[in-house]
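Coordinates in review
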Amino acid sequence: MKKNKVKDILLSIFLGKRYFEITNVKDQVRYMTMNWIFMVATIPLIILGITLINVNITRTIICFFIAFLCFTALIMIRSKIPLKYVPVFPVTVFGMYCCYLLYLGDYGLWAAIWIFSFPPIVIFLCRMTVGVIESIVVLGVMVFLLFAQTPTTNILVTISSGSEVQIRIIGAYFLIASLSVIYEWISILKDRKEDELKRELAQERDMIQTMKDNINQGIFLMDSNFNILPQYSRTLISILSYYDSDLTGKNFLDIVQGSFDSKQLQIMKGYFEMVFSKKKTAKVLEAANPISEFEYKVDDDIKYLNTRFQLIDHTAASQGEHSSTGPVIIGIVQDITREKEIENELQAQKDIQEMEMKNMFDVIKIDPMVFQDFIEDTDSNFNAINTLLKDQNVSEKQVVTRIFQYIHAIKSNAVILDLENLSNKLHVLEDEIKNVSNKDKVSVNDVLSLAIKIETFMQEMDSYIAITKKINAYKVSNQMDTILINSMTKAVDRLASQLHKKAKIQAGHIDLDILESKLRKPIRDILYQCVRNSLFHGIETVDERINKNKNPQGLLTFNIKNVDGRAEVTFADDGAGLDWKKIKQKYLEKNPQVKNVDKKVLLGSIFKPEFSTADEANMAAGRGVGLSLVKDLVKEYKGTISLNSTESGLMFKISFPLIKK
């Protein structure tokens with residue numbers, strides 16, 4: 001305990017607490033170097049200054065000043081000041097001191113030694129830019145002092161009077177400075193590359209983590225003991241509804257054991273052992289997966305899960321006791337509950353549709369009168385059963401016996417008519433009634449149970465009645481639809497022939513409910529008038545259409561739709577549209593007092609009685625009655641009408657409130 005305390009105190013003195021807050025290794029090394037240099041330099045400089053007090057007061061002051069700067073730097077590097085700013089001033093002063101020693105000359109080669117240490121110190125402590133600049137400045141001062149003509153300023157004057165030593169010293173300085181720059185540059189490039197790699201790794205790690213956290217599948221790794229390793233997606237927790245603790249180290253078989261019996265768990269264990277054995281191909285293993293799709297029971301709820309497993313050679317990088325080396329299984333779990341529910345719903349709907357179709361075919365092949373007799377007989381038997389159930393003078397045993405007779409009679413008729421589904425259900429109901437009838441004592445509850453089942457069967461009979469109504473409605477609706485289309489087609493053919501034009505009509509969507517309502521007659525009359533108007537005024541002759549690059553045969557279309565609870569009728573042609581010039585001419589002929597007239601007035605005029613742009617009347621049109629009739633019909637049935645005319649054709653849109661039968 002005391003040793004650790006002493007160690008902490010020593011580390012705080014020699015390194016400071018800031019060292020332990022630095023996470024970058026390069027910054028830690030730089031911090032330790034600065035700390036050591038300034039700590040080592042402070043004491044010798046103080047001692048040197050003391051020895052020079054009686055020799056040279058100037059140098060004494062310089063030594064004490066540099067020592068003060070080194071001590072100040074020691075305090076600064078332990079503060080929050082960025083490291084790159086701390087050494088600049090003391091190292092700069094140190095360089096000036098080296099030049100000063102070189103200038104004095106009485107220290108001999110000691111000055112050169114100090115100068116040689118300057119480039120690596122300044123480049124390492126002050127970084128590249130400041131270090132190179134100060135190294136170049138000191139080099140310039142060296143060249144000036146070493147090659148000056150005054151002997152007193154040359155430290156080498158006592159060694160050599162030539163220039164060989166000066167050149168060697170400058171060359172050595174340049175070499176040391178160059179090597180320091182190269183080393184630092186390589187270090188910078190290395191740091192940049194490491195930072196780039198770290199950023200890429202961080203991005204990949206973040207991307208993988210994001211994928212793991214957001215993917216809708218539960219992905220995990222499992223060792224040979226079936227334990228889940230730390231590498232799993234967070235979605236796995238929600239899929240398995242396992243919120244108590246971390247899944248790491250949990251046995252996968254233990255988690256799902258509530259959904260299987262002991263035999264099934266043994267089969268799963270054998271399957272995983274087979275996966276680890278590598279004796280089977282991936283395709284075979286996928287086909288053999290006993291839980292490729294299963295019901296997962298958790299928290300009194302059931303989920304449908306889909307799973308896949310595959311062996312991978314992997315060294316699981318994890319912490320603590322859950323580390324694993326060697327092959328592991330990667331598992332993928334997907335919650336398919338919603339898909340399964342939709343599938344079941346679709347299957348149920350499909351079964352209902354198939355049943356309805358089968359019942360419909362059963363009904364269609366029966367003579368309507370015969371089937372109507374069957375419905376009436378069945379209804380009579382049901383009424384008899386209801387009367388029997390209300391009769392308090394009859395014992396429960398007698399009630400069951402009489403019900404058996406009525407149901408048997410209904411079944412016999414169904415078998416004769418070959419109503420297969422109905423016969424099968426009645427047969428099952430007979431078995432249940434017989435089981436109750438065979439009891440020594442029939443209770444009220446037994447009778448009530450049979451009554452409920454008979455009620456269910458009566459609802460089944462209602463479905464047959466509904467099928468009959470649909471068939472009849474379809475026949476009637478289909479006749480209405482066919483009659484309308486055929487009559488419209490004949491009208492177009494006849495009018496086109498009279499006018500020596502070619503045209504055809506094409507029916508779009510037709511709402512049968514609207515045709516069955518009271519709107520059928522006004523809609524039919526309006527469509528007839530629209531056909532006459534289009535063929536007489538809109539559709540061009542064959543030659544005119546060819547000159548306009550149109551199909552020689554004109555096209556008329558109509559739709560009858562239910563739009564937002566209203567009956568909407570649209571009629572369109574691909575003719576020339578309204579002839580505004582001719583309409584204006586006719587309007588001014590009838591209203592000579594009017595000089596200027598807009599399109600809105602002209603559009604309203606074409607719906608007025610006896611207004612027509614035809615030069616003369618004939619059997620087809622020309623009396624100005626057709627569109628006025630359309631307007632009156634629309635008004636009578638509280639509808640609205642709009643018209644859109646272009647050079648490519650004319651379109652009427654008429655809307656009525658729906659009128660029930």
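Below you will find a few notes about this structure. For every chain, the first residue of the written sequence is number 1, and numbering continues from 1 onward in sequence order. Thresholds applied to this predicted model are a pLDDT of at least 70 for local features of residues and 80 or more for the giving and counting of side-chain atom pairs; totals over whole chains, interfaces and linings are not thresholded and use all residues. Only hydrogens and water are removed before side-chain values are computed, so all heavy atoms of the structure are retained for them.

1. Regarding the pattern of salt bridges
Between Lys or Arg on one side and Asp or Glu on the other, a salt bridge is scored when a side-chain nitrogen of the former is within 4 Å of a carboxyl oxygen of the latter. On inspection of all chains with the given rule, the structure shows 11 salt bridges. For lysine 439, the salt bridge identified is with aspartate 446, shortest N-O distance 3.1 Å. Take lysine 439: its relative accessible area is 37%, and that puts it in the partly exposed class. Burial classes: relative accessible area under 20% of the type maximum marks a residue as buried, over 50% as exposed, and values in between as partly exposed (1.4 Å probe, protein chains only).

2. Overview of the nonpolar core
Core analysis: the biggest nonpolar cluster contains 42 residues, and Val531, Leu535, Leu556 and Ile560 have the highest contact counts within it. Under the scheme used here, helices are H or I runs from DSSP no shorter than 4 residues and strands are E runs no shorter than 2 residues, and both carry numbers assigned from the N terminus. With 7 residues, the single largest contributor to this core is helix H18 (residues 520–538). Once residues within four sequence positions are removed from consideration, leucine 556 is found in contact with Val492, Ala503, Lys504, Ile505, Gln506, Val531, Ser534, Leu535, Ile539, Phe571, Ala572 and Asp573. Counting residues in hydrophobic clusters, the runner-up holds 41 residues, among them Tyr19, Ile77, Val138 and Met142. Take the buried residues of types Ala, Val, Leu, Ile, Met, Phe, Trp, Tyr and Cys, join any two whose side-chain atoms come within 4.5 Å, and each joined set is a nonpolar core. Every residue pair with non-hydrogen atoms within 4.5 Å of one another is taken to be in contact.

3. Comments concerning the pairing of strand S9 (residues 640–646)
In this description, strands pair whenever DSSP reports at least two bridges between them. Pairing between S9 and strand S10 (residues 649–657): 7 bridges, direction antiparallel. In the sheet register, isoleucine 641 faces S10, and the bridge partner there is isoleucine 654. Two successive antiparallel strands, S9 and S10, enclose a turn made up of 2 residues.

4. A word on unusual backbone geometry
Look at histidine 500: it is not a glycine, yet its phi comes out positive at around 55°. Looking at the element boundaries, histidine 500 is found in the loop between helix H16 (444–498) and strand S6 (503–510). Here the phi dihedral of aspartate 564 falls at roughly 55°; this positive angle occurs in a residue that is not glycine. Tracing the backbone shows aspartate 564 in the loop between strand S7 (554–563) and strand S8 (566–573).

5. Things to note about the sheet that holds S7
Sheet strands associate in pairs through backbone hydrogen bonding, adopting either a parallel or an antiparallel arrangement. Reading across the sheet, the 5 strands line up as S6-S7-S8-S10-S9 and stay open at both edges, with mixed pairing between neighbours. Because the sheet does not close on itself, it has two edges, and the strands there are S6 and S9. Averaged over all adjacent pairs, the angle separating strand axes in this sheet is 10°, with direction ignored. Where S6 and S7 come together, 6 bridges link them in parallel fashion. From the neighbouring strand, alanine 503 faces S7, where its bridge partner is glycine 554. Axis angles are defined between N-to-C directions and span 0 to 180 degrees, where every axis is a line fitted to C-alpha atoms and, for a helix, only to the segment in contact.

6. What about a negative patch on the surface?
A cluster of acidic residues, Asp367, Asp373, Glu376, Asp377, Asp379, Glu455 and Asp462, forms a negative patch on the protein surface. Broken down by element, the residue count for the negative patch peaks at 4 residues, all from helix H13 (residues 368–390). As for its position among the elements, aspartate 373 is in helix H13. Grouping into patches uses exposed residues only, defined as over 30% relative accessible area, and leaves out salt-bridged ones; the cut-off is 9 Å for like charges and 5 Å for nonpolar side chains (Val, Leu, Ile, Met, Phe, Trp, Tyr). Residue exposure ignores everything except the shown protein chains as possible cover, and the areas themselves are Shrake-Rupley values with a 1.4 Å probe. The convention is simple: Lys and Arg are positive, Asp and Glu are negative, and His and the chain ends are not counted. Where a charge sits is defined by one atom per residue type, namely NZ (Lys), CZ (Arg), CG (Asp) or CD (Glu).

7. A few points about the packing of H13 against helix H14 (residues 396–416)
Between H13 and H14, whose axes approach to 10 Å, the crossing angle comes to 175°. The angle between H13 and H14 falls in the class roughly antiparallel. On the side of H13, the interface is formed by Phe374, Asp377, Thr378, Asn381, Phe382, Ala384, Ile385, Leu388 and Leu389, while H14 contributes Val399, Arg402, Ile403, Tyr406, Ile407, Ala409, Ile410, Asn413 and Ala414. Grouping the amino acids of the contact of H13 with H14 by side-chain chemistry returns 13 nonpolar, 3 polar and 2 charged. By definition in this entry, angles of less than 35 degrees are roughly parallel, angles greater than 145 are roughly antiparallel, angles of 65 to 115 are roughly perpendicular, and the rest are oblique. Throughout, the ten residues Ala, Val, Leu, Ile, Met, Phe, Trp, Tyr, Cys and Pro are labelled nonpolar, Asp, Glu, Lys and Arg are labelled charged, and all others, Gly among them, are labelled polar.

8. Points about H13
Here the expected span of a helix is defined as 1.5 Å times the quantity of residues minus one. The terminal C-alpha atoms of H13 lie 33 Å apart, and with 23 residues this matches the ideal 33 Å at 1.5 Å per residue to within 8%. Within H13, the full set of buried residues consists of Phe371, Phe374, Ile375, Thr378, Asn381, Phe382, Ile385 and Leu388.

9. Things to note about the packing of aromatic side chains
Geometry of aromatic contacts follows a simple scheme: Phe, Tyr and Trp rings, the Trp one being its six-membered ring, pair when their centres are within 6.5 Å, and the pair is stacked under 30 degrees between planes, edge-to-face over 60, tilted otherwise. Using the criterion set out here, one finds 11 aromatic pairs in the structure. Relative to phenylalanine 294, the ring of phenylalanine 260 has its centre 5.2 Å away and its plane inclined at 40°; by these criteria the two rings are tilted. Pair noted here: phenylalanine 260 is in the loop between helix H9 (252–256) and helix H10 (262–277) and phenylalanine 294 is in strand S3 (residues 293–298), with a separation of 34 residues, a long-range link. With a centroid separation of 4.9 Å and an interplanar angle of 80°, the aromatic rings of phenylalanine 272 and phenylalanine 309 are classed as edge-to-face. Of the two residues, phenylalanine 272 sits in helix H10 while phenylalanine 309 sits in strand S4 (residues 301–316), which places them 37 residues apart along the sequence. Phenylalanine 309 shares its class with phenylalanine 272; the two are buried. Among the aromatic residues, those joined into a cluster by ring pairs are Phe220, Phe226, Phe252, Tyr271, Phe272 and Phe309.

10. Comments concerning helix H4 (residues 57–77)
Since the α-helix packs 3.6 residues into each turn, any two residues three or four apart lie on the same face. An ideal rise of 1.5 Å per residue puts 30 Å on 21 residues; H4 measures up with 30 Å between its terminal C-alpha atoms. Of all the residues in H4, the buried ones are Arg59, Thr60, Cys63, Ile66, Ala67, Leu69, Cys70, Ala73, Leu74 and Ile77.

11. A look at the environment of leucine 236
Along the chain, leucine 236 falls in helix H8 (residues 235–240). Using a relative accessible area of 0% as the deciding quantity, one classes leucine 236 as buried. Separated by 20 residues in sequence, leucine 236 and asparagine 216 place their C-alpha atoms 8.7 Å apart. The contact partners of leucine 236, leaving out residues within four places of it in the chain, are Gly218, Phe220, Leu247 and Val333.

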